[in-house]
Amino acid sequence: MATCEDGLDYCIKHDEGGFPIRANEWIGTWLARAVGLAVAKPVVVQDLNGTLLFGSEIYGDDTNDNLGIFQSGGLNKGHLTHIWKTFAYDLFIRNEDRHVNQYKIFRQNRTERIISFDFGQSLFSFWPNFDLPLPPGSNTILTIRGIFRIYGAIDLGVANEVLQRLEDIQGAAMVTAIRGLPRGWLNRKAGDAFLRWFGSRARRDRITQIREGLRNGTYL
């Protein structure tokens, strides 16, 4: 965590283990916002050595322990709607590491809000291997199955809203996002290959596969 010049606190991410975590976080967050998913605000943060890092705004306390509310049946319809949308989105970007503490539940203007954050283990950590379904032992699958056991099946209509918006995004918008990454955040060849994929029929085919996998249960 770091308090930046604007006086706000941010969770700071850097690349680890040879994986482009910063690019995953920026593109994962940008695309989530583009399809209407509530996520933490992203920023580029420069450290004292001049290195550009990824930051996501922290809302409320920097500690986050959601296990109790998830396991007690305390999630409401609004929470679940957001979780179903996030799960469909995580499938698209191949995020294997979604767990309950990557949601932030907080009160704002006398209303309870929920947002998602942390897309570090997705996208370019696996590219071009975007195979689905996700591994059954991944945090994303274990978490969503635990939620199903308590709250019932996923709302396919809600999930399809996000998938349709992913299908409707113009390829040119992703070009702007990728080209706008700070230098050194993403290998140029990987970025170019991803842009070709995103602008092709392969993106639509992936979304169709996710819809079918959610409908028949093979992606759950």
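Heads up: the structure comes first, above all this text.
Reading the values: rules and limits
- For every chain, the first residue of the written sequence is number 1, and numbering continues from 1 along that sequence.
- Local features are withheld for residues below a pLDDT of 70 in this predicted model, meaning they are given only at 70 or higher, and side-chain atom pairs are given and counted only at 80 or more; totals for whole chains, interfaces and linings count all residues.
- The side-chain numbers reported here are obtained from all heavy atoms of the structure, hydrogens and water having been left aside.
- Residues belong to one nonpolar core when they are buried, are Ala, Val, Leu, Ile, Met, Phe, Trp, Tyr or Cys, and are joined through side-chain atoms within 4.5 Å.
- Under the scheme applied here, a residue whose accessible area is under 20% of the maximum for its type counts as buried, over 50% as exposed, and between as partly exposed, the area being computed with a 1.4 Å probe on protein chains only.
- The helix and strand labels rest on DSSP assignments: H or I over at least four residues marks a helix, E over at least two residues marks a strand, and numbering proceeds from the N terminus.
- Contact definition: two residues touch when any of their heavy atoms are within 4.5 Å.
- What counts as a disulfide here is a pair of cysteine sulfur atoms lying within 2.5 Å.
- Put simply, two rings from Phe, Tyr or Trp (the six-membered ring, in Trp's case) pair if the centres are within 6.5 Å, and we call them stacked under 30 degrees between planes, edge-to-face over 60, tilted for the rest.
- For a Lys NZ or an Arg CZ to count as sitting over a ring, it must be within 6 Å of the ring centre and within 35 degrees of the ring normal.
- Multiply 1.5 Å by the residue count of a helix minus one, and that product is the helix's expected span.
- In this description, one arc is meant: the one made by directions from the helix axis to the C-beta atoms.

Undergrad: Before we go on, may I ask you to explain the nonpolar core in this structure?
TA: Looking at soluble globular proteins, one finds that nonpolar side chains tend to be buried together. Within the largest apolar cluster, 57 residues are counted, with the highest numbers of intra-cluster contacts made by Tyr89 and Phe194. Those elements that place two or more of their residues in this core are helix 1 (21-34), helix 3 (77-93), strand 5 (103-108), helix 4 (139-151), helix 5 (156-168), helix 6 (171-179), helix 7 (188-198) and helix 8 (201-216). When residues of this core are assigned to their parent elements, the largest contribution, nine residues, is made by helix 3. In contact with Phe194, not counting residues within four places along its chain, are Leu123, Phe124, Trp127, Phe130, Met174 and Ile178.

Undergrad: Explanation requested: the state of the cysteines in the structure shown.
TA: Covalent bonding between the sulfur atoms of two cysteines defines a disulfide. By the definition in use, this model includes zero disulfides. Residue Cys4 stays outside any disulfide, its sulfur separated by 11 Å from that of Cys11, the closest cysteine.

Undergrad: Can you walk me through the packing of aromatic side chains in this structure?
TA: Any two aromatic rings considered together are summarised by their centre-to-centre distance and by the angle between their planes. Applying the stated criterion across every chain yields a total of 14 aromatic pairs. A centroid spacing of 5.4 Å and a plane angle of 85° characterise the contact between Trp127 and Phe130, whose relative ring orientation is edge-to-face. Phe130 gets classed as buried once you look at its relative accessible area, which sits at 7%. Through a chain of ring-to-ring contacts, the aromatic side chains of Phe92, Phe124, Trp127, Phe130, Phe194, Trp197 and Phe198 assemble into a single cluster. Positioned over the ring face of Phe126 is Arg94, at 4.5 Å from the centre of the ring. Geometry around Phe198 places Arg203 over its ring, the cationic atom sitting 3.9 Å from the centre.

Undergrad: What should I look at first to understand unusual backbone geometry in this one?
TA: It is generally the case that most residues other than glycine have a negative phi and that most peptide bonds are trans. That bond from Trp127 to Pro128 is cis: its omega, 5°, falls within 30 degrees of zero. Cis rather than trans, the peptide bond between Leu132 and Pro133 has omega equal to 5°. With respect to the helices, strands and loops of the structure, Pro133 is situated in the loop between strand 6 (111-116) and helix 4. Positioned with a positive phi, Asp118 is a non-glycine residue whose angle comes to about 80°. Relative to the elements of secondary structure, Asp118 occurs in the loop between strand 6 and helix 4. Taking relative accessible area as the criterion, Asp118 reaches 21% and is therefore assigned partly exposed. You will see that Leu123, though not glycine, has its phi angle at about 45°, which is positive. On the secondary structure map, Leu123 appears in the loop between strand 6 and helix 4.

Undergrad: Teacher, can you tell me more about helix 8 here?
TA: Because an α-helix packs 3.6 residues into every turn, residues spaced three or four apart end up facing the same way. Compared with an ideal rise of 1.5 Å per residue, which puts 16 residues at 22 Å, helix 8 spans 23 Å between its outermost C-alpha atoms and is within 8% of the ideal. Residues of helix 8 that are buried: Arg203, Arg206, Ile207, Ile210, Gly213 and Leu214. Looking straight down helix 8, one finds its buried side chains confined to an arc of 125°; they lie on one side. For helix 8, the exposed residues set more than 90 degrees away from the buried face come down to Arg201 and Arg215.

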